[in-house]
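The chain contents come next:
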Amino acid sequence: MKIGLVGYQGSGKSTLFELLSGHKPDVSKSHLGQVGMTTVPDERFDRLVAFHKPKKISPAKIDLFDTPGLLKGDNAQNAQRLGIIRESSALAQVIGVFNGVDPIAEARAFEDDMILADLQVVGNRIEKLKKDLLRPRPATEKDELTAELGALEFVVAKLSDGQTLRGIPFTEVQDKATKSFALLTRKPKMVVLNTPDSAVDAKQLADLHAIGITAIAGPVGLELEVASLPEEDRALFASEMGLTESCRSKLLRAIFEITEQITFYTCDEKEVHAWLLKRGSSALEAAGTIHTDLARGFIRADIMSTEDLLRLGSEKEVKAHGLFRTEGKESPIRDGDEIVIRFSV
């Protein structure tokens, strides 16, 4: 999963990238973006590591994409810069809450830029389809092009009305017609209010939540200063500055919320590994997340809750309490499941 850190120039987007990934932004890559990675904090994973004492540990990780900053009011350049953002799975817009910036106005302005960018790519395809339909073609091919045109015209109607596509159910034809565009306004999105100090304006957060935007707030620059201190000094400095829960933890929790992610685990004496999976996914999809061979040769999944294992102390006790499950391909995986895939290839 790749999270695009997006926003207008000067918002503190690259500072957040450095805080999360530990990598300083490379100025030479500012027009293309820079990729880094962050480990997902997971108390459950830490407890499993202490329980199993494995030789290797693999916590869940998320890719971060520090995307090119947009220019306010420059639609031509912004459309090009937004094109790079399309490879992201979800978007976190950073808004610098300095000098009286209105977070709602800036969030809506960014949405407008994305709407224009989506209109451009879909509109270009519509023009091509209309020309193709004027040429002689077999009836079946013409039917396919007509269906695609209808699907894209539906999308354009929504965008032209100023709507994003987030949360709008698509038909199979609409999904197929728009898949290659990686539409920006359909991606899960949240807002990060970058504050100058630890004081957070609760009203700003409440106003964003009231219009359906998931939002968090925190002093990104200040937290980066704390992270650069010797480890033994960080807790004291953070306390003096009034820092409680870090932006990193709040951001990753919000990302899980908007992308509907859960965590499952594979564990033995060799390795404890945390995996990310979309909520509602099946045992077969979990197997494929681990390795394609496990999905191809899937027989069954042996599953227990990590909480049950840690509470009862052994797999034997989990079974004795009737809490061990043997599931087939279609069975849903729950957050916190520890699973073993039985397979044959």
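This report concerns the structure included in the present document. (Residues numbered from 1 in each chain as written. Predicted model: local features only at pLDDT ≥ 70, side-chain atom pairs only at ≥ 80, totals over all residues. Heavy atoms only, no water.)

Things to note about the sheet that holds strand β7 (residues 214–218)
Part 1: Pairing in this open sheet of 6 strands is mixed, and the strands run β2-β4-β1-β5-β6-β7 from one edge to the other. With partners counted over all chains shown, the strands left at the sheet margins are β2 (34–39) and β7, one partner each. Looking at each pair of strands side by side, their axes are set apart by 25 degrees on average, direction ignored.
Part 2: Bridge count for strand β1 (residues 2–6) against strand β5 (residues 90–96) is 4 bridges, and the pairing is parallel. Paired with G4 across the strands is L91, a residue of β5.
Part 3: Sheet strands in contact with helix α1 (residues 13–21) are β1, β2, β4 (61–66), β5 and β6 (189–194), and its direction is about 45 degrees off that of β2.
Part 4: Contacting β1, β5 and β6, helix α4 (residues 103–133) runs over the sheet at an angle of about 135 degrees to β5. (Pairing = 2+ DSSP bridges. Helix = DSSP H or I, 4+ residues; strand = E, 2+ residues; numbered from the N terminus. Axes fitted to C-alpha atoms, helices over the stretch in contact; angles between N-to-C directions. Contact = heavy atoms within 4.5 Å.)

A closer look at the pairing of strand β10 (residues 298–305)
Part 1: Burial runs high along β10: 6 of the 8 residues are buried.
Part 2: With 7 bridges connecting them, β10 and strand β12 (residues 337–343) associate as antiparallel partners. Note on β12: the bridge partner recorded for F298 is F343.
Part 3: Judged from the 3 bridges that link them, β10 and strand β11 (residues 325–327) form a sheet pairing that is antiparallel. Paired with I303 across the two strands is R325, which belongs to β11. (Buried < 20%, exposed > 50% of the residue type's maximum accessible area, 1.4 Å probe, protein only.)

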